[in-house]
Every structure is written in C-alpha cells, then in structure tokens.
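Report on the structure
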Amino acid sequence: MDSAGLHLSIDYVGSSGVILSPEQKASLQTSLIILKSAGKFHRVYFWGKILGVKDDYFIAQGVGRDELADRKTFYSKDCVHWGLLPPATKAMREQSKLAKGRFTGDPSYEFEHTEMKKTGEGDDAVEEEETINIKEEDRLASVIAEIDEDVRVVPRASFVKTPDGEVISNRSFEGLSVSEAAKICSYMHFRDPKVLEQKSLLQKANLDKSIDFLDTLEEDIPKGSWSLQFERGSGLVTLRSLLWLGFVSYHVPGTRQFGSCYVGTGEKNLDLPFML
C-alpha cells in the first residue's frame, strides 16, 4: 500500500488482523517519506511485516517510474532505520527453500542445512555430510520475492504498459464497478506474465495490449486459492490468499484506492491442494 496514505489505508485491512500501533504508524509515515527522498524513488510502498521469534521485520519497497521492473526492497525492525535487502537471485531462492522454521528476527543469523552426498561410483562410493549455511537476510529477500510473484495483485486497468515497455500507473483508472469488483477475473498478478505467453494468437487478439498484459487470478492453480469478500456493504472488497496466509489485497470500488499488505510468518501453505 502507498506510504503516502498509510494511516488511512491500513484501516482497510484491519478486519484481516493487520494492525499497526499509533507509534508505528507515526514512525512509518515519517521514515518512509525520508526513504523516498533519500532513494529518489517515484513512490514508496509499505509492503507488510514478517513475524520473527525475537523481532519482526517491517518491509517497504521503493519503485522508480517503471513500477514492475524498477523495485528495491528494504527492512526495518524499529520502523525508523531501513536496510537494503539484496536482490533475490534464482540460486538464492532455491537455497533459501532449504531453511526450515520461523524467522528469528536477526538478519545475520545463519540457518544450517545438512544433507548426505555420494562421491565416487560402485564399490568406491562414499557418503559425505555436507552443511549449507543460509543467511537469514538472504532468506528474507527470497521469501518477499516469492510472495510478490505468487500473490501480489492489482485491479485490472490500474496500470498501463507504454509503447516503450514501461509499466506505469494509469491516470485514467477510476476504479472497478461493484459488479466488476465481485469477479476474480478483474484482478491481475503484478509480475511478469507466465500464463499470458502461452495463450493462442486468437485469444491474444481479443485483449487490449495496453492493460491486459498481466495474468488474471482466475487462471491460478489450484482453483479456489483466493477468498473474495465484500465489506462495509459494497464499499470495500478484500482478496485474501489461502496460499500465503496473511496476505490481503483491498480495493474501494469506484475509486482509485487499492493496495495490499502481508503480515505473517513467511511460510507458504503447502497443504492448500489437499485442503480445497
């Protein structure tokens, strides 16, 4: 959610258990403005909070003009001082999956993963124990990147793709109607498209290339991994992810107000296919 209106936007996700104390709101409101100015960002978003055993991580993301490609992620433990997280490479994300259990709250902490590896062939084969150390800071960056890829969503037409390939906020977006907001196909994954690339030329011909350049939620597997609910009559719609418990996206129909937030332990619900 946009840090500019954080004190108001955070109330939209309060029914999902996302609550900040008055002190945290005040600190974030000030420190995120400073972060935006220092980093010369086009916009700064409050991403959410990852709960640790000893301390929690508050997460913010700064974006440039291209909101899809130009993004940096920061973490804080006191809502005042921010540290830059390293970019989550493919190798880092694969290695981070080996770490089990909750985050500790200490970025320098190292998780240890031990596995047995065979060297040699036949009768000369020998089993050796190999220990892999995974830094919590790298794991944090990897989990945030995975959550963004799996569940970060925006209403359809809220962003446009310019002829030179930049993804920018759509100034003519006036919000979804109540009937549109009730459809799961009106929400898009804010990431590089995966399913869209597999569609036939005939299917692509019926799309508006400037706004239909992202994957819709109705194509998610498994089906039923989202819970869409109206609140305040039809004045607010919330989308909760069952894959990443703690992620909630909101939109106020008929307005430009939308956003998302994650508050959880950073653990994926791998049992979801068996629960549906």
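Calculation rules
- Residues numbered from 1 in each chain as written.
- Predicted model: local features only at pLDDT ≥ 70, side-chain atom pairs only at ≥ 80, totals over all residues.
- Heavy atoms only, no water.
- UniProt positions renumbered as here; feature names shortened; annotations may be inferred.
- Helix = DSSP H or I, 4+ residues; strand = E, 2+ residues; numbered from the N terminus.
- Rg over C-alpha atoms; globule rule 2.2 N^0.38 Å.
- Buried < 20%, exposed > 50% of the residue type's maximum accessible area, 1.4 Å probe, protein only.
- Contact = heavy atoms within 4.5 Å.
- Areas by Shrake-Rupley, 256 points an atom, 1.4 Å probe, with all protein chains shown as cover.
- Lys, Arg positive; Asp, Glu negative; His and termini not counted.
- Charge placed at Lys NZ, Arg CZ, Asp CG, Glu CD.
- Polar contact = N/O pair within 3.5 Å; in protein donor to acceptor, adjacent residues only side chain to side chain.
- Salt bridge = Lys/Arg side-chain N within 4 Å of Asp/Glu carboxyl O.
- pLDDT = per-residue confidence, 0-100.
- Pairing = 2+ DSSP bridges.
- Axes fitted to C-alpha atoms, helices over the stretch in contact; angles between N-to-C directions.
- Expected span 1.5 Å × (residues − 1).

As annotated in an unreviewed UniProt entry, the protein chain carries the name Radial spoke head protein 9 homolog and is attributed to Pinctada imbricata. Regarding the protein chain, the UniProt comment filed under Sequence similarities (unreviewed entry) reads as follows: "Belongs to the flagellar radial spoke RSP9 family."

The next thing to look at is the overall build of the protein chain. Assigned secondary structure in the protein chain consists of seven helices and 14 strands. Whereas a compact globule of 276 residues would reach a radius of gyration of roughly 19 Å, the protein chain reaches 20 Å, a difference of no more than 12%. With respect to the principal axes defined by its C-alpha atoms, the protein chain has extents near 70 × 50 × 40 Å. Out of the 276 residues belonging to the protein chain, those deemed buried represent 43%. The contacts of the protein chain with a sequence gap of at least 6 include a subset with a gap of at least 24, amounting to 57%. Accessible area for the protein chain stands at about 14700 Å²; split by element, carbon and sulfur atoms hold 52% of it. Of note, the protein chain has its 34 positive side-chain charges centred 7 Å away from the centre of its 43 negative side-chain charges.

You can see Asp150 is positioned in helix α4 (residues 136-151). Its relative accessible area of 17% is what places Asp150 among the buried residues. Residues Asp150 and Met1 lie 149 residues apart in sequence; the distance between their C-alpha atoms is 17 Å. What Asp150 contacts, discounting residues up to four positions off in sequence, is His189, Arg191, Trp226, Leu243, Trp244 and Lys268. For Asp150, the side chain forms a polar contact with the side chain of Lys268, separated by 3.2 Å.

Right, let's get into the environment of Glu180. The residue Glu180 is located in helix α5 (residues 178-181) in this model. For Glu180, a relative accessible area of 36% translates into the label partly exposed. Sequence-wise, Glu180 and Leu68 are 112 residues apart; in three dimensions their C-alpha atoms are separated by 24 Å. A polar atom in the side chain of Glu180 sits 3.2 Å from the backbone nitrogen of Ser177.

What follows deals with the pattern of salt bridges. With the rule as written, the count across this model stands at twelve salt bridges. Across the pair Arg93 and Glu149 runs a salt bridge, and its minimum N-O distance is 3.3 Å. Taken together, the residues Arg93 in helix α3 (residues 90-96) and Glu149 in helix α4 connect sequence positions 56 residues apart. Given a relative accessible area of 21%, Arg93 falls into the partly exposed group. A salt bridge links Lys268 to Asp150, with the shortest nitrogen-to-oxygen separation between them at 3.2 Å. Here Lys268 is found in the loop between β14 (258-264) and α7 (272-275), whereas its partner Asp150 is found in helix α4, with 118 residues between them in sequence.

Okay, the confidence of the model for the protein chain next. Fine structural detail should not be taken from predicted coordinates in areas where pLDDT scores are low. For the protein chain, per-residue confidence averages 86 on the pLDDT scale, and 93% of positions sit at 70 or higher. Within the protein chain, no element has a lower average pLDDT than helix α6 (residues 201-205), which sits at 51, and none a higher one than strand β3 (residues 71-76), at 94.

A separate point is the sheet that holds strand β1 (residues 43-50). The eight strands are arranged β4-β3-β2-β1-β14-β13-β12-β11 in an open sheet whose pairing can be described as mixed. Two strands lie at the open edges of the sheet, namely β4 (83-84) and β11 (226-231), each paired on one side alone. As judged from the six bridges shared by strand β2 (residues 57-63) and β3, these two strands associate in the antiparallel manner. Bridged to Ala60 within β3 is Phe74. Together, β1, β2 and β3 form the strand contacts of helix α2 (residues 22-39), whose direction differs from that of β1 by roughly 135°.

What follows is about α2. With 18 residues, α2 should reach 26 Å at 1.5 Å per residue; the first-to-last C-alpha distance of 26 Å fits that figure. The set of residues buried in α2 consists of Leu28, Gln29, Ser31, Leu32 and Leu35. Of the residues flanking the end of α2, it is Lys40, one or two places downstream, whose phi is positive at about 55°.

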